[in-house]
There are 2 protein chains.
Amino acid sequence: MSEQRSVDAEPRRATCAADPVHRARAYLLGAAEPPAPALVAFVARHGPVEAAERVRRGEVPDPVAQETEARRGTDRSERDLERAVKAGYRLLTPEDDEWPAWPLLSLEVATGRGAEGVAPPLALWVRGTARLDEAVDGAVAVVGARAATEYGEHTAAELAHGLVADGIGVFSGAAYGIDGAAHRGALAAGGPTVAVLGCGLDAGYPAGHVGLLNRVAERGAVVSEYPPGALPARHRFLVRNRLLAALTAGTVVVEAGKRSGARNTSSTAGTLGKVVMAVPGPVGSAMSVGCHELIRDAYATLVGSVSDVLDTVGRLGEPRADTAAPRPRRPTDDLGPQALRVHEALGERRGRSPDEVAEESGVPLARVRAVLPELELSGLAERCETGWRLAVGVPGRVKSSGRVTGKGERHPRTR
Amino acid sequence: MSEQRSVDAEPRRATCAADPVHRARAYLLGAAEPPAPALVAFVARHGPVEAAERVRRGEVPDPVAQETEARRGTDRSERDLERAVKAGYRLLTPEDDEWPAWPLLSLEVATGRGAEGVAPPLALWVRGTARLDEAVDGAVAVVGARAATEYGEHTAAELAHGLVADGIGVFSGAAYGIDGAAHRGALAAGGPTVAVLGCGLDAGYPAGHVGLLNRVAERGAVVSEYPPGALPARHRFLVRNRLLAALTAGTVVVEAGKRSGARNTSSTAGTLGKVVMAVPGPVGSAMSVGCHELIRDAYATLVGSVSDVLDTVGRLGEPRADTAAPRPRRPTDDLGPQALRVHEALGERRGRSPDEVAEESGVPLARVRAVLPELELSGLAERCETGWRLAVGVPGRVKSSGRVTGKGERHPRTR
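Residues numbered from 1 in each chain as written. Chains lettered and ligands numbered in written order. Predicted model: local features only at pLDDT ≥ 70, side-chain atom pairs only at ≥ 80, totals over all residues. Heavy atoms only, no water.

(A) Just the relation of the copies chain A and chain B, in detail. Least-squares fitting of chain A to chain B yields an RMSD of 0.1 Å, with the transformation described by 0.0 Å of translation along the axis and a rotation of 180 degrees. Put plainly, the chains are arranged around a two-fold axis. By C-alpha distance to the rotation axis, the residue of chain A lying nearest is Gly 281 of chain A, at 2.4 Å. A high fraction, 100%, of the interface residues of chain A reappear at the interface in chain B, so the copies pair face to face through one surface. (Least-squares fit on C-alpha atoms with pLDDT ≥ 70 in both. Contact = heavy atoms within 4.5 Å.)

(B) View of the pairing of strand E2 (residues 124–128) of chain A. Residues and elements named next belong to chain A. Within E2, four of the five residues are buried, leaving the element largely enclosed by the surrounding structure. Two elements, strand E1 (residues 89–92) and E2, share four bridges in a ladder whose sense is antiparallel. Of the residues in E2, the one forming a bridge with Leu 92 is Leu 124. For E2 and strand E6 (residues 221–224), the ladder comprises four bridges, and the chain directions are antiparallel. Bridging from a neighbouring strand, Gly 128 pairs with Ala 221 of E6. (Buried < 20%, exposed > 50% of the residue type's maximum accessible area, 1.4 Å probe, protein only. Helix = DSSP H or I, 4+ residues; strand = E, 2+ residues; numbered from the N terminus. Pairing = 2+ DSSP bridges.)

(C) Structural detail: helix H4 (residues 48–57) of chain A. Residue and element names in this part refer to chain A. What H4 keeps buried is the set Pro 48, Ala 51, Ala 52 and Val 55. Within H4, the buried residues cover an arc of 100 degrees as seen down the axis, which keeps them to one side. Positioned one or two residues after H4, Gly 58 has a phi angle of 75 degrees, which is positive. (Arc of directions from axis to C-beta.)

(D) Quick peek at the nonpolar core. Of all hydrophobic cores here, the largest spans 74 residues; its most connected members are Leu 132 and Phe 171 of chain A together with Leu 132 and Phe 171 of chain B. Phe 171 of chain B has contacts with Leu 132, Ala 135, Val 136, Ala 139, Val 140, Ala 141, Val 142, Val 194, Val 196, Leu 244, Leu 247 and Thr 248 of chain B, leaving out every residue within four places of it along the chain. (Core = buried A, V, L, I, M, F, W, Y, C linked by side-chain atoms within 4.5 Å.)

(E) Looking closely at the pattern of salt bridges. Under the counting rule described, the total for this entry stands at 46 salt bridges over all chains. Here Glu 344 of chain A and Arg 234 of chain B are joined by a salt bridge, their closest N and O atoms 3.9 Å apart. Taken together, the residues span two chains, with Glu 344 of chain A in helix H17 (residues 337–344) and Arg 234 of chain B in helix H12 (residues 234–247). Here Glu 344 of chain A matches Arg 234 of chain B in class, with each residue buried. In this structure, Glu 356 of chain A and Arg 350 of chain A form a salt bridge, with 3.1 Å as the shortest nitrogen-oxygen distance. A single network of salt bridges, built from pairs that share partners, joins Glu 53, Arg 56, Arg 57, Glu 59 and Asp 75 of chain A. (Salt bridge = Lys/Arg side-chain N within 4 Å of Asp/Glu carboxyl O.)

(F) Structural detail: the sheet that holds strand E9 (residues 301–302) of chain B. Across the sheet, which stays open at both edges, the nine strands sit in the order E1-E2-E6-E5-E4-E3-E7-E8-E9 (chain B) with mixed pairing between neighbours. Each end of this open sheet is capped by a strand with a single partner; those strands are strand E1 (89–92) and E9 of chain B.

(G) Spotlight on a nonpolar patch on the surface. Judged by side-chain polarity, Trp 102, Leu 105 and Val 109 of chain A come together as a nonpolar surface patch covering roughly 340 Å² of accessible area. Summarising the element assignment, Trp 102 of chain A is placed in helix H7 (residues 101–112). (Patch = residues over 30% accessible without salt bridge, like charges linked within 9 Å, V, L, I, M, F, W, Y side chains within 5 Å. Areas by Shrake-Rupley, 256 points an atom, 1.4 Å probe, with all protein chains shown as cover.)

(H) Broad picture of the packing of helix H10 (residues 178–188) of chain B against helix H11 (residues 210–219) of chain B. Residues and elements named next belong to chain B. Between H10 and H11, the shortest axis-to-axis distance is 10 Å and the interhelical angle comes to 45 degrees. The orientation of H10 with respect to H11, classified from their angle, is oblique. The way H10 lies across H11 gives a crossing that is left-handed. For the pair formed by H10 and H11, the contact residues are Gly 180, His 183, Arg 184 and Leu 187 on the first element and Leu 212, Arg 215, Val 216 and Arg 219 on the second. Classifying every residue of the contact of H10 with H11 gives three nonpolar, two polar and three charged. (Axes fitted to C-alpha atoms, helices over the stretch in contact; angles between N-to-C directions. Parallel < 35°, antiparallel > 145°, perpendicular 65-115°, else oblique. Left-handed = near helix turned anticlockwise from the far one by under 90°. Nonpolar A, V, L, I, M, F, W, Y, C, P; charged D, E, K, R; others polar.)

(I) Expanded view of the interface of chain A and chain B. The interface is formed by 86 residues belonging to chain A together with 88 residues belonging to chain B. Seen at the junction of chain A and chain B, the total is eight salt bridges. For the interface between chain A and chain B, the tally reads 23 residue pairs in polar contact (both at pLDDT 80 or more). For the side of chain A that touches chain B, the element with the most residues is helix H12 (residues 234–247) of chain A, which contributes six residues. A breakdown of the residues in the side of chain A that touches chain B according to their chemical character gives 33 nonpolar, 24 polar and 29 charged. (Polar contact = N/O pair within 3.5 Å; in protein donor to acceptor, adjacent residues only side chain to side chain.)

(J) Seen up close, the sheet that holds strand E4 (residues 170–172) of chain A. Residue and element names in this part refer to chain A. Taken together, nine strands build an open sheet; the order of strands is E1-E2-E6-E5-E4-E3-E7-E8-E9 and the sheet is mixed. Edge positions in the sheet fall to E1 and strand E9 (301–302), since each has one partner strand and no second. As judged from the four bridges shared by strand E7 (residues 250–253) and strand E8 (residues 275–278), these two strands associate in the parallel manner. Looking across to E8, one finds that Gly 250 is bridged to Val 275. Sitting on the sheet, helix H2 (residues 20–31) touches E1 and E2, and the angle it makes with E1 is about 90 degrees.

(K) Main features of the environment of Tyr 299 of chain A. Residue and element names in this part refer to chain A. Structurally, Tyr 299 is set in the loop between helix H14 (289–296) and E9. Residue classification places Tyr 299 among the partly exposed positions, given a relative accessible area of 41%. C-alpha separation for the pair Tyr 299 and Ser 266, spaced 33 residues apart in sequence, amounts to 6.6 Å. Other than its neighbours up to four places away in sequence, Tyr 299 contacts Arg 263, Ser 266, Val 276 and Leu 294.

(L) The arrangement of unusual backbone geometry in detail. Residue Pro 206 of chain A follows Tyr 205 of chain A across a cis peptide bond; omega there is -10 degrees. Tracing the backbone through its elements, the reader meets Pro 206 of chain A in the loop between strand E5 (193–196) and helix H11 (210–219). At Ala 174 of chain A, a residue that is not glycine, the phi angle is positive and equals roughly 65 degrees. Structurally, Ala 174 of chain A is set in the loop between E4 and helix H10 (178–188). Look at Ala 174 of chain A and you get buried, because its relative accessible area is 0%. Positioned with a positive phi, Ala 298 of chain B is a non-glycine residue whose angle comes to about 65 degrees. Along the chain, Ala 298 of chain B turns up in the loop between helix H14 (289–296) and E9. Its relative accessible area of 66% is what places Ala 298 of chain B among the exposed residues.

Here it is as structure tokens:
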């Protein structure tokens, strides 16, 4: 997110109906239902202006004809571009500086390898203040169930907030539930957040998120490859998912039911060589079942925190606070196994002779005699009239009452 | 768990102070702090009776002397065996039919490969009605934090209950928290459950679980390699963990804090070639952090249900109900991608012409004309005066209000 690029002369108003490339790509976006691999290849070969002209005239190879036949007669590009200028959004094309070429390359590569359903977009409609090429830098997608639980929404919001606070943009799909919580959490941290839609930018979908989408546009961007007027449809959500996967370094699934699109999201991201992560939850929660399946079947890496996500997507940078910080230590941490056994054979009050300690601990007497003064030096044991005992104020061994003797840190909670 | 073996003539009362092998092994158990690899090898070579005699006289190689020097002068074997008969428990030795030789072989193999701290036990003190060789058959260890949460205890109890109901014995360590919940859940399902202790059977530890241990003995067994009178100590819990791992097909960690013995449990089980499983929980719970670390770092497989556990330990048998049962289906499940797009392009009330449908869906008109009658045959579309529309009572596409049109099942909750 270099300051230098941000001072470009208003790149976010570059849309113009008079620009033949923009006109051509706006027409092409409307001429085929994405993903349209044959059309994309055709455009790559002939350039958008010539390709658009040929599509209009129907002078195209069969596969392109199949993709464009139903809509090629309708050209709403001029209307769409004019409406976009009025409504404050823009058409972003591969010819523009702001085009996120690098992340979208994953779609080209995968399509070139024969993967289906992951052709790159011909252009993107964008509404918002953020430059898309900058917003994608290191970004992470946070997505999940629409019928999310309170736990899921809370976790998504916290995660998104933490990621943005750490300089990572959060992408999502603007749906109810997890997506909305992710956008809200990101906004609460000051953005940027980007919503990628499965319908036109003017669809007002979902109805309850119109205000949220306005705020996303103010702090980030709302993006779609569907032309204005395109209605939301189930297959479009799946097709949209390839953009979420491609534009980000990894996708976090926060909650997903048993029969969910999570497996689809994960498989698309995997096809594009992107990381898939999933957040665990209570095993009784139906909304965590999909996440647990992804983790269990090794389709996703478990993440429970911002630093888990950063570790997983492999961000370079300073070490995380919680790995750099030493874990809490016990005074006995440096003792070897025999010294530990000697230490645990000591009593709290009554001193024990080295013989008694040897028998209780099973450590040879000679070794006990060597270890006891070492423990004394470490402040873990002390001499008294009747022999050796635990030093006052040091954690002792477990008593049969089940409580821990002495002060200081408790024994480990699991064995 | 063959009926045939259970009718043996009271094998669970075989302990007798007059038996020289039992006397020798009871002495040897007290003569060295487990695990005692040199002594175990020495006994394997010379037999328990001769080995015990030589240890008593100090005529042993150096490594054995190191292990036995401190305690060899104390022989409480006669007292221990007599007390055991009175208290209703028994010494189980490798010479006994009931010895769980096969699972414990994993300890021998690992020790033979040079692994440290996993020498097999010289014998086991056992209290209870179950035959140990039968109780280990396919058994699973369910363990975890002492400072468990309500969620953790509930999950442990449910899991143990379900495993026992499915014919799987549940082993644990009788500690407060997860261990106790696991035993209780197993008992509620009628047992068997086995507690493996890190102290003598008479230690009354933990104090609050004396009644629970009595019930475990009634329905299963309480087991320890520590002689009567041996006190609980931290290192003994770790040493005991190798027995829990060896005696079972796999270990489930239900809850574990950040600094916990879970990693130790997992590494021991790994050394023995046993499966480690961990239960996820809410990401905000400190008591799930250890489990999430194990799963994230691939030390453990995520399990959220009894069937997950059974799948993971690889039990043979009839297919699980929830994999055998078909998942809920939608009427549109069998539609190809184009048919799905055509279907989603239909309206609820107003009929649309094939041209309109072709344009909305982006599917070529010829294909739309072929698909519409197919949808009609499947009951998904119907003709009306103005064209084609969704059949009444069939789920429609997503409306921009965000709700789902039509009746029947909802759209998938995640994309």
